[in-house]
Amino acid sequence: METYEKIYKLYELIETKTVADLPGPYKVGVDLGTADVVLVVTDGAGYPVAGSMRWASVVKDGLVVDFRGAMVIVEALKAEVEERMGITLDKGATAIPPGTVGRNAMACSHVIAGAGLEPVCQVDEPVAAAKALNITHGIVVDIGGGTTGIAVLRNGELVFTADEPTGGTHVSLVLAGAYKISFEEAELLKRDTAQHRKIMPVVLPVVEKMATVVKNMLAGKTEFDDYPVYVVGGTAYLQGFETEFGKAFGRKVHVPPHPLLVTPLGIAMFG
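Each chain carries its own residue numbering, running from 1 in the written order of its sequence. Given that this is a predicted model, residues contribute local features only at a pLDDT of at least 70 and side-chain atom pairs are listed and counted only at 80 or more, while totals for whole chains, interfaces and linings are drawn from all residues. The basis for every side-chain value is the complete set of non-hydrogen atoms in the structure, without hydrogens or water.

1. Observations concerning the sheet that holds strand β10 (residues 157-164)
Next, step 1: When DSSP locates at least two bridges between a pair of strands, those strands are taken to pair. Per the convention used, a helix needs a DSSP run of H or I reaching at least four residues, while a strand needs a run of E reaching at least two, with both numbered from the N terminus. What the 5 strands build is an open sheet, ordered β10-β9-β8-β11-β12; its pairing is mixed. Pairing within the sheet leaves two strands with one partner each, and these edge strands are β10 and β12 (253-254).
Next, step 2: Direction of pairing for strand β8 (residues 138-143) relative to strand β9 (residues 148-154): antiparallel, over a ladder of 6 bridges. Bridge pairing in β9 links Ile 139 to Val 152.

2. Observations regarding the nonpolar core
Next, step 1: Of all hydrophobic cores here, the largest spans 33 residues; its most connected members are Val 141, Leu 218, Val 231, Phe 241 and Phe 245.
Next, step 2: Examining the composition of this core, we find that 10 residues originate from one element, helix α7 (residues 196-217), more than from any other.
Next, step 3: The contact partners of Val 231, leaving out residues within four places of it in the chain, are Val 141, Ile 143, Ala 236, Phe 241, Phe 245, Val 253, His 254, Val 255, Pro 256 and Pro 259.
Next, step 4: Throughout this description, the term nonpolar core refers to a set of buried Ala, Val, Leu, Ile, Met, Phe, Trp, Tyr and Cys residues connected via side-chain atoms within 4.5 Å. Partly exposed residues are those whose accessible area sits between 20% and 50% of the maximum for their type, while under 20% is buried and over 50% is exposed, using a 1.4 Å probe and protein chains only. Membership of the second largest hydrophobic core comes to 28 residues, among which are Leu 77, Ala 105, Ala 115 and Leu 117. Residue contacts are counted whenever heavy atoms from the two residues lie within 4.5 Å of one another.

3. Points about the packing of helix α4 (residues 125-132) against helix α9 (residues 262-270)
Next, step 1: Only the contacting stretch of a helix is used when fitting its axis, a line to C-alpha atoms as for every element, and angles between N-to-C directions run 0 to 180 degrees. Following both chains from N to C, one finds α4 and α9 inclined at 85 degrees, their axes separated by 7 Å at the closest point. Judged by the angle between their axes, α4 and α9 are roughly perpendicular. Listed contacts from α9 to Glu 125, Val 127, Ala 128, Ala 129, Lys 131 and Ala 132 of α4 are Val 262, Thr 263, Leu 265, Gly 266, Ile 267, Met 269 and Phe 270. Angles are sorted into four bins: roughly parallel if under 35 degrees, roughly antiparallel if over 145, roughly perpendicular if 65 to 115, and oblique for all others.

4. Regarding unusual backbone geometry
Next, step 1: Cis geometry marks the peptide bond from Gly 24 to Pro 25, where omega comes out at 5 degrees.
Next, step 2: Unlike most non-glycine residues, Lys 180 shows phi in positive territory, near 55 degrees.
Next, step 3: Along the chain, the position of Lys 180 falls in the loop between α5 (168-179) and α6 (183-191).
Next, step 4: Positive phi is not limited to glycine here, since His 258 has a value of about 45 degrees.

5. With respect to the environment of Arg 84
Next, step 1: Structurally, the position occupied by Arg 84 is in helix α2 (residues 67-85).
Next, step 2: Judged by relative accessible area, which is 23%, Arg 84 ranks as partly exposed.
Next, step 3: In this structure the C-alpha to C-alpha distance between Arg 84 and Leu 261, which are 177 residues apart in sequence, comes to 20 Å.
Next, step 4: Apart from the residues within four sequence positions on either side, Arg 84 is in contact with Lys 17, Thr 18, Val 19, Gly 51 and Ser 52.
Next, step 5: In this structure the side chain of Arg 84 is engaged in a polar contact, spanning 2.9 Å, whose partner is the backbone oxygen of Gly 51. Two N or O atoms count as a polar contact when they lie within 3.5 Å, although within protein this holds only if one can serve as hydrogen donor and the other as acceptor, and sequence-adjacent residues are included solely when both atoms are side-chain atoms.

6. So, the pairing of β9
Next, step 1: Of all 7 residues in β9, 6 are buried, a share of seventy percent or more.
Next, step 2: In textbook terms, the turn of a hairpin is the stretch between consecutive antiparallel strands, and for β8 and β9 this stretch comprises 4 residues.
Next, step 3: In this sheet, β10 lies alongside β9 in antiparallel orientation, the contact comprising 7 bridges. When the bridges of β10 are listed, Val 152 appears paired with Phe 160.

7. Notes on the sheet that holds strand β2 (residues 36-42)
Next, step 1: Sheet architecture is open: 5 strands sit in the order β3-β2-β1-β6-β7, paired in mixed fashion. The sheet terminates laterally at β3 (48-55) and β7 (118-124), the two strands that pair on one side only. Pairwise comparison of adjacent strand axes, ignoring direction, gives a mean angle of 20 degrees for this sheet.
Next, step 2: The pairing of strand β1 (residues 27-32) with β2 spans 6 bridges and is classified as antiparallel. Within β2, the position partnered with Val 30 by the bridge is Leu 39.
Next, step 3: In this fold α9 packs onto β1, β2, β3, β6 (91-96) and β7, with an angle of close to 140 degrees to the strand it touches most, β1.

8. A short note on the side chain of Asp 31
Next, step 1: Within the secondary structure, Asp 31 is located in strand β1.
Next, step 2: The charged-residue count follows a simple rule in which Lys and Arg add positive charge and Asp and Glu add negative charge, with His and chain termini not counted at all. Salt bridges are defined by distance alone: a side-chain nitrogen of Lys or Arg within 4 Å of a carboxyl oxygen of Asp or Glu. No salt bridge is formed by the buried Asp 31, whose closest oppositely charged neighbour, Arg 191, lies at an N-O distance of 14 Å.
Next, step 3: Excluding residues that lie within four positions of it along the chain, Asp 31 makes contacts with Asp 36, Val 37, Val 38, Glu 125, Thr 263, Pro 264 and Ile 267.

9. Here we look at α4
Next, step 1: Across the 8 residues of α4, 7 count as buried, placing the element largely inside the fold.
Next, step 2: Of all the residues in α4, the buried ones are Glu 125, Pro 126, Val 127, Ala 128, Ala 129, Ala 130 and Ala 132.

10. Focus on the packing of aromatic side chains
Next, step 1: Working definition: a ring pair exists when centres of Phe, Tyr or Trp rings (six-membered ring for Trp) sit within 6.5 Å. Plane angles under 30 degrees give stacked, over 60 give edge-to-face, the rest tilted. Going through the model one piece at a time under the given rule, you end up with 4 aromatic pairs.
Next, step 2: A centroid spacing of 5.3 Å and a plane angle of 55 degrees characterise the contact between Phe 224 and Tyr 227, whose relative ring orientation is tilted. Note on accessibility: Phe 224 and Tyr 227 belong to one class, buried.
Next, step 3: Among the aromatic residues, ring-to-ring pairing joins Phe 160, Phe 224 and Tyr 227 into one connected group.
Next, step 4: In this arrangement the basic side chain of Lys 131 is found over the ring face of Phe 270, its NZ or CZ atom lying 5.2 Å from the centre.
Next, step 5: For a Lys NZ or an Arg CZ to count as sitting over a ring, it must be within 6 Å of the ring centre and within 35 degrees of the ring normal. Here Arg 191 stacks its cationic end above the ring of Trp 55, 3.9 Å away from the centre of that ring.

Take a look at the structure:
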């Protein structure tokens, strides 16, 4: 199964609430995002077996701000997938923005532990995305709700990471201000693909800022100038994002299909 096929398959499994007929042992990954929580199960080779997600606001700027709420959601996702698969899931991996340390870093592991999954691994979010995309040489930009992180890989080795507090939440804030609607209504507007053409001119300055942030992260690192750049995360769904981000960044970028699901898939592959 090619890399993008895995992403398409995961999307299909989540949408149809079905399970792929693949043997174990299985790996589990939980992505605690700012706007959503995703639980993914893969087989030992990283092929998607099952998945489930919820839109949620339990994380802010990469930090768990609603521990109980996060734990309840993970418990529910775990129960859903277990029922479909007819097994009990007992271990899992999670991820954090690059540079997260101390108690903040441990919070995600504590959440899944409280939901009944023994934490076995915690990985930087863009590194997980690189794993899912099978990238051994390139730059991965993971735009979360509150943070934008990057990982640079050379010959399969992580050689540079960075993270800045800007992301999809800022897109929603701009939409809320421009259309005089609540933040929750702005989130729904952002997710409506039929509205993307209309809202892109409004949020373009935020997209350009994200590109500039990443460009500044890599300033002076000319050895990475010829590396391919991949952008994942929910904001990358926006129609025209790939083109506009690339213009502001000054280089061509690649947005894989269903970019919101790339990092969760990679987390599970680490599990």
